[in-house]
Amino acid sequence: MTTSKFSRYTGSRLFWFLFGVGLGGLGLWSGLRQGLVGETLIGLGLVLVGVQGLLRPVVLTRAGKISKEEMMREVSVGSEVLHGALSLAMAGLLIAGFVLKYLVKM
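Predicted model only: the values in this text are computed from it and were never measured.

Q: For this particular structure, what's the right way to read the overall build of the protein chain?
A: Counting secondary structure elements, the protein chain contains four helices and zero strands. Helices and strands appear in the protein chain in the N-to-C order α-α-α-α. Residue burial in the protein chain is summarised as follows: out of 106 residues, 35% are buried. Sequence-distant contacts, at least 24 apart, represent 71% of the contacts inside the protein chain between residues at least 6 apart. With an accessible surface of roughly 6,500 Å², the protein chain has 73% of that area assigned to carbon and sulfur atoms.

Listed below in structure tokens is the structure:
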């Protein structure tokens, strides 16, 4: 895994990492402390949002100037399989957490 791409869009990477890990950590801590499965799963999903944002940041400034595929190759760290697995795990945890928290009340 190449780390030279981390120096590009550092602000965006840092924002998304802190956003995901900050909110996810609070949700994870709250869920574990209160024994709420849904809140814990949402927290884990948000932590993965932070990790995904660190590896592949959302960059809006140049979105209209170059294609999405070119932008992803330029800024992404890690393989497509890693990003796909992170996205699936993140979506699964968030959906399961919201279902358990708001529909099942766990």
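Q: For this particular structure, what's the right way to read the pattern of salt bridges?
A: A side chain of one charge can pair with a side chain of the opposite charge when the charged atoms of the two come close. In the structure shown here, the tally under the stated rule is two salt bridges. Glu39 serves as the salt-bridge partner of Lys101, at 2.5 Å between the closest nitrogen and oxygen. Here Lys101 is found in helix α4 (residues 80–104), whereas its partner Glu39 is found in helix α2 (residues 37–55), with 62 residues between them in sequence. In this structure, Glu80 and Arg56 form a salt bridge, with 2.9 Å as the shortest nitrogen-oxygen distance. Highlighted residues: Glu80 in helix α4 and Arg56 in the loop between α2 and α3 (68–75), separated in sequence by 24 residues. For Arg56, a relative accessible area of 17% puts it in the buried group.

Q: Sorry if this is basic, but what is going on with the packing of helix α1 (residues 10–34) against α2 here?
A: Two packed helices can be described by the angle between their axes and the distance between those axes. α2 packs onto α1 with a crossing angle of 165° between their chain directions and a minimal axis gap of 7 Å. When the axes of α1 and α2 are compared, the pair comes out roughly antiparallel. The element α1 and its partner α2 pack so that their crossing is left-handed. Looking at the contact of α1 with α2, its residues break down into twelve nonpolar, ten polar and two charged.

Q: Looking at this structure, how should I read the packing of aromatic side chains?
A: Ring pairs (aromatic) are described by centroid distance and by the angle formed between their planes. Under the criterion given, the structure shown has four aromatic pairs. The interplanar angle of 75° and the centroid separation of 5.1 Å between the aromatic rings of Phe15 and Trp16 together place this pair among those described as edge-to-face. When the ring of Trp16 is compared with that of Phe19, the centres are 5.6 Å apart and the planes differ by 85°; the resulting orientation is edge-to-face. One end of the pair is Trp16 and the other is Phe19, both in helix α1 and three residues apart, which spans about a single turn. Of the residues examined, Trp16 reaches a relative accessible area of 25% and is grouped as partly exposed. Judged by its relative accessible area of 35%, Phe19 falls in the partly exposed class. Three or more aromatic residues link up through ring pairs in this structure, and these residues are Phe15, Trp16 and Phe19.

Here is what the cut-offs are and how they apply
- Residues numbered from 1 in each chain as written.
- Predicted model: local features only at pLDDT ≥ 70, side-chain atom pairs only at ≥ 80, totals over all residues.
- Heavy atoms only, no water.
- Helix = DSSP H or I, 4+ residues; strand = E, 2+ residues; numbered from the N terminus.
- Buried < 20%, exposed > 50% of the residue type's maximum accessible area, 1.4 Å probe, protein only.
- Contact = heavy atoms within 4.5 Å.
- Areas by Shrake-Rupley, 256 points an atom, 1.4 Å probe, with all protein chains shown as cover.
- Salt bridge = Lys/Arg side-chain N within 4 Å of Asp/Glu carboxyl O.
- Axes fitted to C-alpha atoms, helices over the stretch in contact; angles between N-to-C directions.
- Parallel < 35°, antiparallel > 145°, perpendicular 65-115°, else oblique.
- Left-handed = near helix turned anticlockwise from the far one by under 90°.
- Nonpolar A, V, L, I, M, F, W, Y, C, P; charged D, E, K, R; others polar.
- Phe/Tyr/Trp six-rings, centres within 6.5 Å; stacked < 30°, edge-to-face > 60°.

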